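# Descriptive structure summary
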Amino acid sequence: MTKLLINIDHVATLRNARRETFPDPFEAARSCLAGGADGIVFHLREDRRHIKDADVRRFADELDTKLDFELSLAPEIVGICCELSPQLATLVPERREEVTTEGGLDVLTQRKRLEQVIPRLYGSGVEEVALFVDPVDDQIRASAEVGANAIELHTGDYANAADPITRAAVLSDMVRAARLAHDLGLSVHAGHGLDVHNYPDFGRAVPHVSEVSIGFAIIARSLFIGLEQAVAEMRSVIEQHAHVL
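All values derive from a computational prediction rather than experimental measurement. Counting restarts for each chain: residues are numbered from 1 in the order of the written sequence. In view of the model being predicted, local features appear only for residues whose pLDDT reaches at least 70, and side-chain atom pairs are presented and counted only at 80 or more, with totals across whole chains, interfaces and linings using the full set of residues. As a convention, hydrogens and water are excluded, and side-chain values are obtained from all of the structure's heavy atoms.

A separate point is the pairing of strand β7 (residues 187-191). Exposed residues in this analysis have more than 50% of their type's maximum accessible area, buried residues have under 20%, and partly exposed residues fall in between, with area computed by a 1.4 Å probe over protein chains only. Only DSSP runs of H or I covering at least 4 residues are called helices, and only runs of E covering at least 2 are called strands; the numbering of each starts at the N terminus. The buried count for β7 comes to 4 of 5 residues, which makes it a mostly enclosed element. Pairing of strand β6 (residues 150-154) with β7 involves 5 bridges; the strand directions are parallel. If you follow glutamate 152 over to β7, its bridge partner there is histidine 189. Relative to strand β8 (residues 209-214), β7 runs parallel, the two being bridged by 4 bridges. Opposite alanine 190, over in β8, you have valine 212 as the bridge partner. Handedness of a crossover is defined as follows: with both strands directed away from the viewer, a clockwise route from the first strand across the helix to the second makes it right-handed. Once the chain exits β7 it traverses helix α9 (residues 199-205) before rejoining the sheet at β8, and the crossover so formed is right-handed. Strands were regarded as paired on the criterion that DSSP finds at least two bridges between them.

Here it is in structure tokens:
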């Protein structure tokens, strides 16, 4: 069954908007786990716009679950990730002016830097290194070549498709990309924009997806039904719409 990891960045966004000490991302993480999450995702950005260094260290020290540390190739952030040694490190592109991550990492142009960073992450004890990529064959092949052992498929174009024809075309790309990644020995993760409404078609169609990362949709839904229930609701949707090989 596909695992559900919850990104709690937006809890920190709300906290920081008022420069308060609450809501606490750590307590949010605990609620997510109580609701059935299989792990917690956080993105420590260079500008610290949401998750802070103290948050990350508390997650590592006090949460007994899978942690997915999303990070750019910035040396400072790579160093922190290596120090904390989470089970999973997901390398993502990062631009200061973006509201959220807008697309996949360009593995081809970043090859040299990735070939330096990925062995360093493994050497620190990180078990999985995933690259957040668009469903493009060359990017997936390059992900395997630079030493990653997983990819996270960028599902934003699928989630934001303006019409059914466009969505079907993107879904077809992701099916092909997931199969290629699997054939290359890469674990397949997915995330960005998935929710209870668009997940069913994705879940039934795309093979080999071992885990999905969902954040904003869960946090937004929790305003109406609570965080534990929002996670449980998403967990149920994933279980009901599994791909059958």
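Next up on the list: the packing of aromatic side chains. Given two aromatic rings, one states the distance between the centres and the angle between the planes to describe the pair. Only Phe, Tyr and Trp rings are paired, with Trp represented by its six-membered ring, and only when their centres lie within 6.5 Å; those with planes under 30 degrees apart are stacked, over 60 edge-to-face, the remainder tilted. All chains considered together, the criterion is met by 4 aromatic pairs. Relative to phenylalanine 59, the ring of phenylalanine 42 has its centre 5.2 Å away and its plane inclined at 45°; by these criteria the two rings are tilted. Pair noted here: phenylalanine 42 is in strand β2 (residues 39-43) and phenylalanine 59 is in helix α3 (residues 53-62), with a separation of 17 residues, a long-range link. Residue classification places phenylalanine 59 among the buried residues on the basis of a relative accessible area of 1%. Aromatic pair tyrosine 158 and phenylalanine 202: ring centres 6.1 Å apart, planes at 45°, arrangement tilted. Of the two residues, tyrosine 158 is situated in helix α7 (residues 156-159) and phenylalanine 202 in helix α9; the sequence distance between them amounts to 44 residues. Assigned by exposure class, tyrosine 158 and phenylalanine 202 land together as buried. An aromatic cluster is defined as three or more aromatic residues linked by ring pairs; in this entry it consists of Phe42, Phe59 and Phe69.

Taken in spatial order, the 8 strands line up as β1-β2-β3-β4-β5-β6-β7-β8 and close into a barrel, and their pairing is parallel. For this sheet, the mean inter-axis angle between neighbouring strands, taken without regard to orientation, is 25°. Of the strand pairs in this sheet, strand β3 (residues 66-71) and strand β4 (residues 88-91) are connected by 4 bridges, and their pairing is parallel. Residue glutamate 70 lies in a different strand from β4, and its bridge partner there is threonine 90. Pairs of residues are marked as contacts when any of their non-hydrogen atoms sit within 4.5 Å. Only C-alpha atoms enter the line fits that serve as axes; for helices the fit covers just the stretch in contact. Angles between N-to-C directions range over 0 to 180 degrees. Those strands touched by helix α11 (residues 227-240) are β1 (3-7) and β8, and its axis lies near 145° from that of β1.

Taken residue by residue, helix α6 (residues 137-145) has Gln139, Ile140, Ala142 and Ser143 as its buried positions. Buried residues along α6 cover an arc of 160° about the axis, so they all sit on one side. In this fold, the buried residues of α6 make contact with α5 (111-123), β5 (128-133), β6 and α8 (164-183). Just downstream of α6 lies glycine 147, where phi reads positive at about 105°. Working definition: the arc comes from the directions between the helix axis and the C-beta atoms, pointing outward to the latter.

Bringing the packing of α3 against helix α4 (residues 75-84) into the picture now. As a packed pair, α3 and α4 sit with axes 10 Å apart at the nearest point and diverge in direction by 20°. With respect to α4, the axis of α3 lies roughly parallel. The crossing of α3 and α4 is right-handed. On α4, the residues that touch Asp53, Val56, Arg57 and Ala60 of α3 are Ile80, Glu83 and Leu84. An angle below 35 degrees is treated as roughly parallel, one above 145 as roughly antiparallel, one from 65 to 115 as roughly perpendicular, and anything else as oblique. A crossing counts as left-handed when the near helix is turned anticlockwise from the far one by less than a right angle, and as right-handed when that turn is clockwise.

Okay, the pattern of salt bridges next. Each salt bridge in this description consists of a side-chain nitrogen of Lys or Arg and a carboxyl oxygen of Asp or Glu lying within 4 Å of one another. If you walk through the whole model with that rule in mind, you get 18 salt bridges. For arginine 141, the salt bridge goes to aspartate 138, with nearest N and O atoms at 3.8 Å. One end of the pair, arginine 141, and the other, aspartate 138, are both in helix α6, 3 residues apart, so they sit about a helical turn from each other. Exposure remark for aspartate 138: the relative accessible area of 47% places this residue in the partly exposed category. With its nearest N and O atoms 3.1 Å apart, the salt bridge here joins aspartate 173 to arginine 176. Residue aspartate 173 and its partner arginine 176 are located together in helix α8, separated by 3 residues, close to a single helical turn. Arginine 176 gets classed as partly exposed once you look at its relative accessible area, which sits at 35%. Within the structure, one salt-bridge network assembled from shared partners comprises Asp24, Arg58 and Glu62.

So, to be careful, I would describe these as geometric facts and stop short of saying anything about function.
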